[in-house]
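# Remarks on the overall topology
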Amino acid sequence: MSSLQSFQPPSRLLLGPGPSPVPQRILDALARPTIGHLDPAFIGMMDECKELLRYAFRTANAVTLPVSAPGSAGMEAAFVNLIEPGDTVIVCQNGVFGGRMRENVIRIGAQAVMVADPFGRPIDPDKVEAALKANPGAKALAFVHAETSTGAVSDAAALCKLAREHGALSIVDAVTSLGGIDVDVDGWGADAIYSGSQKCLAAPPGLSPLSFGEAAVAALKARKTPVQSWFLDLGLVINYWQGSGARAYHHTAPINMLYALHEALLMLREEGLEAAWARHRANHLRLRDGLAALDLRLFVEERARLPQLNAVEVPDGVDEAAVRRRLLDEHGIEIGAGLGELAGKIWRIGLMGAGSAPHNVDRVLAALGVVLGRKAA
């Protein structure tokens, strides 16, 4: 044990599905002195975090706060607070994370009615409408806005509208979309939405921004059974995050991680939402053109492609894991593998947050050309 030393992570360019590169300004925020989670100065910063999250989500929802855990906990918080045993939930699946929504529904003791679309395709609103008509009284419609496993985006506005027309709550996964493409909670009429700190917001992983609208808060208050999770019970957590004066103690917040999220959100506001979306789009197009020059194809059709998460088809005869390993070992670049039925079939190149920059696009394209032995046409 005497040989153990402080960990020094290797230098990596993170261009996978997350985490994304963390700017030095956010790392500096992490290193600031820790104060108490009930300190008046910290509570003031918490209020600023809520304001900044409302800006990012484009919402006036009072219940807008970061859950003290990664995006998967944001997902679970949305489900355990809104869904009760015996409820029916329409769950859309066009990738791996729709399947995780289903797992949440089942573990609560509710019924998941699945609406399936092929991996890499957007969710079909016509199928969703048929499922809602076939299941009157469904409590919620749950879907992934930006499917991280495939790089496909779905029409959140249309899906939230369908849920509202059929008296169902909408539960939206925006883990990969927030800060990278348009997320318009109030414009969509989304009832519950969650994200993650480590994607387009460019903070380290560990927090899950979440927002509940009035209908979701009303559903939470009208529950007949206690929320399944004590830690994620928003009825309790809200008493720490809201109100004036003294806050009710619920848990010790991840203080320095909240510094980091606050700084990341400040940077997003300084850049501006539209400018951030345009930057992600421009760098996606730069990557798209460079991949085409290397005779590499994107998996998702153009109309449904996420600019921040690019699924690249693995050419026939190429060992996809070996390519990723060489990119990491020889070039210091991390890209992602396929998940689920796309394992071994695609690479996932993330251009998220600070990682979405022209020099990063050029670097990964050059490295891919070397590893694959291809020259740009």
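Scroll up to find the structure this text is about.
Attention here is on the structure that accompanies the text.

The rules behind the values
Residues numbered from 1 in each chain as written. Predicted model: local features only at pLDDT ≥ 70, side-chain atom pairs only at ≥ 80, totals over all residues. Heavy atoms only, no water. Helix = DSSP H or I, 4+ residues; strand = E, 2+ residues; numbered from the N terminus. Rg over C-alpha atoms; globule rule 2.2 N^0.38 Å. Buried < 20%, exposed > 50% of the residue type's maximum accessible area, 1.4 Å probe, protein only. Contact = heavy atoms within 4.5 Å. Areas by Shrake-Rupley, 256 points an atom, 1.4 Å probe, with all protein chains shown as cover. Lys, Arg positive; Asp, Glu negative; His and termini not counted. Charge placed at Lys NZ, Arg CZ, Asp CG, Glu CD. Pairing = 2+ DSSP bridges. Axes fitted to C-alpha atoms, helices over the stretch in contact; angles between N-to-C directions. Phe/Tyr/Trp six-rings, centres within 6.5 Å; stacked < 30°, edge-to-face > 60°. Expected span 1.5 Å × (residues − 1). Disulfide = S-S within 2.5 Å. Left-handed = near helix turned anticlockwise from the far one by under 90°. Patch = residues over 30% accessible without salt bridge, like charges linked within 9 Å, V, L, I, M, F, W, Y side chains within 5 Å. Salt bridge = Lys/Arg side-chain N within 4 Å of Asp/Glu carboxyl O. Polar contact = N/O pair within 3.5 Å; in protein donor to acceptor, adjacent residues only side chain to side chain.

Once that is clear, we can look at the overall build of the protein. A tally of regular secondary structure across the protein gives 13 helices and 14 strands. For 377 residues, the compact-globule formula gives about 21 Å, and the C-alpha radius of gyration of the protein, at 21 Å, lands near that figure. Out of the 377 residues belonging to the protein, those deemed buried represent 57%. Of the contacts made within the protein by residues no fewer than 6 positions apart, 73% connect residues no fewer than 24 positions apart. Carbon and sulfur atoms make up 53% of the accessible area of the protein, which amounts to about 15600 Å² in all. Distance from the positive charge centre (36 side chains) to the negative charge centre (40 side chains) of the protein: 2 Å.

Bringing the sheet that holds strand β4 (residues 111–116) into the picture now. The 7 strands lie next to each other as β2-β10-β9-β8-β5-β3-β4, forming an open sheet whose pairing is mixed. Each edge of the open sheet carries a strand with a single partner, namely β2 (63–67) and β4. Along the sheet, successive strands turn relative to each other by an average axial angle of 15°, direction set aside. In terms of strand pairing, strand β9 (residues 192–194) meets strand β10 (residues 208–212) through 3 bridges, oriented antiparallel. Within β10, the residue paired with A192 across the bridge is F212. Across the sheet, helix α3 (residues 71–82) touches β2, β5 (140–144), β8 (169–173), β9 and β10, and the angle it forms with β10 is around 25°.

The 3 strands are arranged β11-β14-β13 in an open sheet whose pairing can be described as antiparallel. Two strands lie at the open edges of the sheet, namely β11 (309–313) and β13 (336–337), each paired on one side alone. Across 2 bridges, β13 lies against strand β14 (residues 346–350) in antiparallel orientation. Among the inter-strand pairings, A337 is bridged to a residue of β14, identified as W347.

Here the focus is the packing of aromatic side chains. Inspection of every chain in the model, using the stated rule, returns 2 aromatic pairs. Look at Y240 and W241: their rings are 6.1 Å apart centre to centre, the planes differ by 75°, and that puts the pair in the edge-to-face class. With respect to burial, Y240 and W241 carry one shared label: buried.

Quick look at helix α10 (residues 255–271) now. The end-to-end C-alpha distance of α10, which contains 17 residues, comes to 25 Å, matching closely the 24 Å that a straight helix rising 1.5 Å per residue would cover. With respect to burial, α10 is a largely interior element, 12 of its 17 residues being buried. Where α10 is concerned, the buried positions are I255, N256, M257, L258, Y259, A260, L261, H262, E263, A264, L265 and L268. Considering only its buried residues, α10 is in contact with α1 (24–30), α2 (40–57), β2, α9 (234–241) and α11 (273–293). Directly after α10, the chain includes G272, whose backbone phi takes a positive value near 95°.

This paragraph deals with the state of the cysteines. One pass over the structure, following the stated rule, counts 0 disulfides. With no disulfide of its own, C92 has C160 as its nearest cysteine by sulfur position, at a separation of 10 Å. Relative accessible area serves as the criterion here: at 1%, C92 is assigned to the buried category. As a non-bridged cysteine, C200 has C49 as the owner of its nearest cysteine sulfur, 18 Å distant.

Note that E51 resides in helix α2. In this structure, the C-alpha to C-alpha distance between E51 and L132, residues 81 residues apart in sequence, is 34 Å.

Our next topic: the packing of helix α12 (residues 320–331) against helix α13 (residues 358–372). Each pair of packed helices can be summarised by the angle the axes make with each other and by the distance between the axes. Put simply, α12 and α13 touch, their axes get as near as 10 Å, and they point 115° apart. α12 and α13 meet at a crossing whose hand is right-handed. Facing V323, R326, L327 and H331 of α12, the residues of α13 in contact are R363, A367, L368, V370, V371 and L372.

Turning our eyes to something else, we now look at a nonpolar patch on the surface. A contiguous nonpolar surface patch, about 290 Å² in accessible area, is contributed by W230, F231 and L236. Residue classification places L236 among the partly exposed residues on the basis of a relative accessible area of 31%.

As for its position among the elements, H251 is in the loop between α9 and α10. Residue H251 is classed as buried on the basis of its relative accessible area of 8%. At a separation of 2.9 Å, a polar atom in the side chain of H251 contacts the side chain of H250.

This brings us to the side chain of K199. Within the secondary structure, K199 sits in the loop between β9 and β10. Among the polar contacts made by the side chain of K199, one reaches the main-chain carbonyl oxygen of P17 at a distance of 2.3 Å. Once residues within four sequence positions are removed from consideration, K199 is found in contact with P17, G18, S20, T148, V175, T176, M352 and G353.

Right, let's get into the pattern of salt bridges. In the structure shown here, the tally under the stated rule is 21 salt bridges. Measuring nitrogen to oxygen at the nearest pair gives 3.3 Å for the salt bridge that ties R32 to E263. One end of the pair, R32, is in the loop between α1 and α2; the other, E263, is in helix α10, and 231 residues separate them in sequence. Classification of R32 as partly exposed rests on a relative accessible area of 40%. In this structure E263 comes out as buried when scored by relative accessible area, which is 8%. Its salt-bridge partner being E103, residue R102 comes within 3.6 Å of it at the nearest N-O pair. Residues joined by salt bridges that share partners form a network here, namely R25, R32, E263 and E270.

Geometric values such as these leave the question of function open.
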